[in-house]
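In case you want the letters, here they are:
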Amino acid sequence: MSQEDSKTAAPSATPEAEWGMTPEILSQIESGFTVEDTSVELGVPLAGKVTYPSIRVRLPLATLNRHGLITGATGTGKTRTLQLLAEGLASHSVPVLLTDVKGDLTGMAEPGTASEKLQARLETIGQEFSPSGFNLELLHLAGTESKNPGSVPVRAAVSDFGPLLMAKVLGLNETQEQALQLIYTWADERGLALIDLKDLREVIYYLTNDGKPELAKIGGVSTATAGVILRSVSVLDSQGGDQFFGIPSFDTADLLRLGRDGRAVISNLNIACIDTQPALVSAFMMWLLADLFDSLPEVGDTGTPKLVVFLDEAHILFEHASKAFVDQVIRTVKLIRSKGVGIVFVTQEPSDIPDSVAAQLGARIMHAQRAYTPAQAKTLEQTVQTLPAKGLDLAQALTNLGTGEALVTVLSAKGVPTPATPTRLFAPVSVMGEASEDTLASLGTDSPLLARYQQAVDPYSAFEAISEGKLTPAEEVSDAPKPKAQSDSEAQRKRDRELEESILGDSIPPSPYSDASTRSQPQRSSKPKGRNEADSGSELTEVFGSMLNSAMRSFGTQLGRELSRTVFGTRRRRRR
């Protein structure tokens, strides 16, 4: 350790390096974290009370599509690590989606302040603290409570989810899940759009009564099984599912945006409802990843990812999940990296993540792990065995790390794991907590998405078709012309755009990352001075309401007629 580093570690005394840190190991750490490409600086090496500010622990952006894991007991600083990473990514123009469980990440919109305590910490790590706020977009699941008036409601159609994710939301067993797959198959073949829960309910009623002979041809669903599914739908309806399932469905392209300052937009999805609706939250996140996989082009390994998604409370994904659902998570993690999307799981213990998923995670930032019980001691031992130690006593380090300190190992630009390094992490430069009410209000006013998604639309769909007796006769289904695939796709997209624009006019802003080469770019309508974006969107919806409801009848029918599904069972959506 150099004399300068000793002074930085303690002005009045020179503490001893702990956990087996030697000059040779320190040299290996410095070499392992030397990065020539663009990277996010995480902090500096640590050995007990000794820090080494001349050496930086870095995460190369080029390897972030290999995914990552942030772990640690409550109060060890996981949320602030998530914030630090999100700031670094946004500063390098990499869009971020983060799930906000407590609502204490909204402060990223405001510059932070260096308190006396923080200043003392900064001196030990040599961090130049430059306060800054970031481009923040507030999102929440429609139907769940949001205390921020500027937050954008996020919806998805029942058809979008597909039977596998819907079975997860409804808490169905394997037999009931298979029955739901038959129901979806029948609706797909009949060209029926399942937009909201009343559509799904009406289809189930029909197939267990008048349409029972038709369903029998493809397998049949017992009355008892249908009753269980219907009861689950009713429970979901009462918990806000009637508002979450609907259109306009959220376009995942809206996550890939840059702000006017060239830095990326950080999309903050509030999931405070995760305690009461864990299945809905986990299924939505899988739908979102599946939709990204389907819509983004293949890019392989690039210098920077297109998007990084942080999944807080990640263990919720796997609770009470069927094998089919877990298999879907594994496939998603394996395949989506080729689309330039990185996933970072955030949870308390590494064992919260199935081994088959953990094996795909290249970066690991592990905060203090406790070993108060035999089970915890065993978990600690297993965790340490998976880390590249290079001679350090990682078990001792992992149990004695302080708040804002972590063991860090990442993949180098060459794909080689770096030594697991005790690290004192840098401090976020934005506010570590909730933003002020004025800032939250301004976020809604400035949002280009609020007018697009604020008002739900109820189009002509399966409920209307069945209740009005306008189903295509069964004998005509097999003879009906199938949608033409690639050859007519461009013409179809053009018709879709013309239909949607004739319905919505210029009242709904276009997705900033839609394909400009395949659609016109309607201008945002002007609004009277003194009106905020939310008021403008609401009033415009009233003006176009009657025209919307009638014109969307054909749009909903067309949606069902041309529905196809991805490898994950979700609906393959046409992009604007």
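The residue numbers shown here count from 1 along each chain, following its written sequence. Local features are withheld for residues below a pLDDT of 70 in this predicted model, meaning they are given only at 70 or higher, and side-chain atom pairs are given and counted only at 80 or more; totals for whole chains, interfaces and linings count all residues. Processing note: side-chain calculations cover all non-hydrogen atoms of the structure and skip hydrogens and water entirely.

This brings us to the overall build of the chain. Each helix is a run of DSSP H or I of at least 4 residues and each strand a run of E of at least 2, with the numbering of both proceeding from the N terminus. When helices and strands are counted, the chain shows 20 helices and 13 strands. The cut-offs for exposure are 20% and 50% of the maximum accessible area for each residue type, with area from a 1.4 Å probe on protein chains only; residues under the lower value are buried, those over the upper are exposed, and the others partly exposed. Counting the 576 residues in the chain, one finds 56% classified as buried. Counting only carbon and sulfur atoms, one obtains 50% of the accessible surface of the chain, whose full area is about 24300 Å². Under the convention used here, a 1.4 Å probe and the Shrake-Rupley method define accessible areas, while residue burial counts only the protein chains that appear.

This paragraph deals with helix α13 (residues 374-385). For α13, with 12 residues, the first-to-last C-alpha span of 17 Å sits near the 16 Å given by 1.5 Å per residue. Turning to α13, its buried residues are T379, L380, T383 and V384. The buried residues of α13 occupy an angular sector of 130° when the element is viewed end-on, so they sit on one face. The outward face of α13, more than 90 degrees from its buried face, is lined by the exposed residues P374, A375, K378 and Q385. Residues of α13 that are buried in the fold lie against β11 (363-366) and α14 (394-400). To estimate how far a helix should extend, the number of its residues minus one is multiplied by 1.5 Å. Throughout, the arc means that of the directions going from the helix axis to the C-beta atoms. Any two residues having at least one pair of non-hydrogen atoms within 4.5 Å are treated as being in contact.

The subject of this paragraph is the nonpolar core. Definition used in this section: a nonpolar core is a set of buried Ala, Val, Leu, Ile, Met, Phe, Trp, Tyr and Cys residues joined via side-chain atoms within 4.5 Å. Ranked by size, the top nonpolar core spans 86 residues in total, and within it F161, M166, L180, F284 and F345 carry the most contacts. Residues W19, F134, V308 and V384 belong to the second largest nonpolar core, which totals 64 residues.

Following both chains from N to C, one finds helix α7 (residues 197-207) and helix α9 (residues 223-244) inclined at 165°, their axes separated by 10 Å at the closest point. The angle between α7 and α9 places the two elements in the roughly antiparallel class. Between α7 and α9 lies a crossing whose hand is left-handed. Residues L197, L200, R201, I204 and Y205 of α7 form the contact with α9, whose participating residues are A226, I229, L230, V233, S234, L236, D237, G241 and D242. Grouping the constituent residues of the contact of α7 with α9 by class yields nine nonpolar, two polar and three charged. Every axis corresponds to a line fitted to the C-alpha atoms, with the helix fit spanning only the stretch in contact, and the corresponding angles, defined between N-to-C directions, vary from 0 to 180 degrees. Any angle that is under 35 degrees is reported as roughly parallel, and any over 145 degrees as roughly antiparallel; angles of 65 to 115 degrees are reported as roughly perpendicular and all others as oblique. Left-handed describes a crossing whose near helix is turned anticlockwise from the far helix through less than a right angle; right-handed describes the clockwise counterpart. Classes in brief: Ala, Val, Leu, Ile, Met, Phe, Trp, Tyr, Cys and Pro nonpolar; Asp, Glu, Lys and Arg charged; the others, Gly included, polar.

Quick look at the side chain of R201 now. Relative to the helices and strands, R201 is located in helix α7. Think of a polar contact as two N or O atoms within 3.5 Å of one another; within protein, one of them needs to be a possible hydrogen donor and the other a possible acceptor, and neighboring residues in sequence only count if both atoms come from side chains. There is a polar contact of 2.9 Å between the side chain of R201 and the side chain of D237.

With that out of the way, let us pick up the environment of E18. With respect to the secondary-structure elements, E18 resides in the loop between α1 (3-9) and α2 (23-32). Spatially, the C-alpha atom of E18 lies 8.9 Å from that of D393, the residues being 375 residues apart in sequence.

Turning our eyes to something else, we now look at the packing of aromatic side chains. Any pair of Phe, Tyr and Trp rings, taking the six-membered ring for Trp, is counted once the centres come within 6.5 Å. Such a pair is stacked with planes under 30 degrees apart, edge-to-face with planes over 60 apart, and tilted for the rest. This model, assessed by the stated rule, comprises eight aromatic pairs. When the ring of F161 is compared with that of F244, the centres are 5.8 Å apart and the planes differ by 75°; the resulting orientation is edge-to-face. Remark: F244 occurs in helix α9 and F161 occurs in helix α5 (residues 158-170); sequence separation between them is 83 residues. Assigned by exposure class, F161 and F244 land together as buried. A ring pair is formed by F250 and Y453, whose centres lie 5.2 Å apart and whose planes are at 40°; its orientation type is tilted.

Let's shift gears to unusual backbone geometry. With an omega of 5°, the peptide bond running from I247 to P248 counts as cis. With respect to the element layout, P248 can be found in the loop between α9 and β8 (266-270). The backbone phi angle of E313 is positive, close to 50°, even though this residue is not glycine. Among the secondary structure elements, E313 is positioned in the loop between β9 (307-311) and α11 (323-336). Residue E313 is classed as partly exposed on the basis of its relative accessible area of 28%.

Side-chain pairing between opposite charges can occur once the charged atoms of the two side chains come close. What makes a salt bridge here is a side-chain nitrogen of Lys or Arg within 4 Å of a carboxyl oxygen of Asp or Glu, nothing more. For the structure on display, the rule yields 11 salt bridges. With its nearest N and O atoms 2.8 Å apart, the salt bridge here joins D196 to K198. K198 serves as the salt-bridge partner of D458, at 3.1 Å between the closest nitrogen and oxygen. You can see D458 sitting in the loop between α16 (450-453) and α17 (462-467) and its partner K198 sitting in helix α7, a full 260 residues away along the chain. Via salt bridges that share partners, E41, R56 and R58 belong to a single interconnected network.

What follows deals with the pairing of strand β5 (residues 96-100). Burial analysis of β5 places five of its five residues in the buried class, which makes it a mostly covered element. Of the two faces of β5, both are covered, the one formed by V96, L98 and D100 as well as the one formed by L97 and T99. Between any two strands, pairing holds if DSSP finds at least two bridges. For β5 and β8, the ladder comprises five bridges, and the chain directions are parallel. The residue bridging L98 from the neighbouring strand is N268, located in β8. The pairing of β5 with β9 spans three bridges and is parallel. Of the residues in β9, the one forming a bridge with V96 is V308.

Structurally, E128 is set in the loop between α4 (116-125) and β6 (136-141). Residue classification places E128 among the exposed residues on the basis of a relative accessible area of 74%. Considered as a pair, E128 and V429 are 301 residues apart in the sequence and their alpha carbons are 9.8 Å apart.

Our next topic: the side chain of R424. Examined against the element boundaries, R424 turns out to sit in strand β13 (residues 421-425). Here E405 takes part through its side chain, which lies 2.9 Å from a polar atom of the side chain of R424. Setting aside anything within four residues of it in sequence, one finds R424 in contact with L42, G43, V44, L46, G48, T51, R121, T124, I125, G404 and E405.

Attention shifts here to α9. In an α-helix, one turn spans 3.6 residues; hence positions three or four apart end up facing the same way. Between its first and last C-alpha, α9 extends only 27 Å over 22 residues, short of the 32 Å set by a 1.5 Å rise per residue. S238 marks where α9 bends most, by close to 80°. Within α9, the full set of buried residues consists of T225, A226, G227, I229, L230, S232, V233, L236, G240, G241 and F244. On the buried face of α9, the contacting elements are β6, β7 (152-154), α5, α6 (174-189), α7 and α10 (278-295). We define the bend at any residue as the angle between the axes fitted to the seven residues before and including it, ending there, and the seven starting there.

Note that every value here comes from positions in space, so none of it alone points to a role or purpose.
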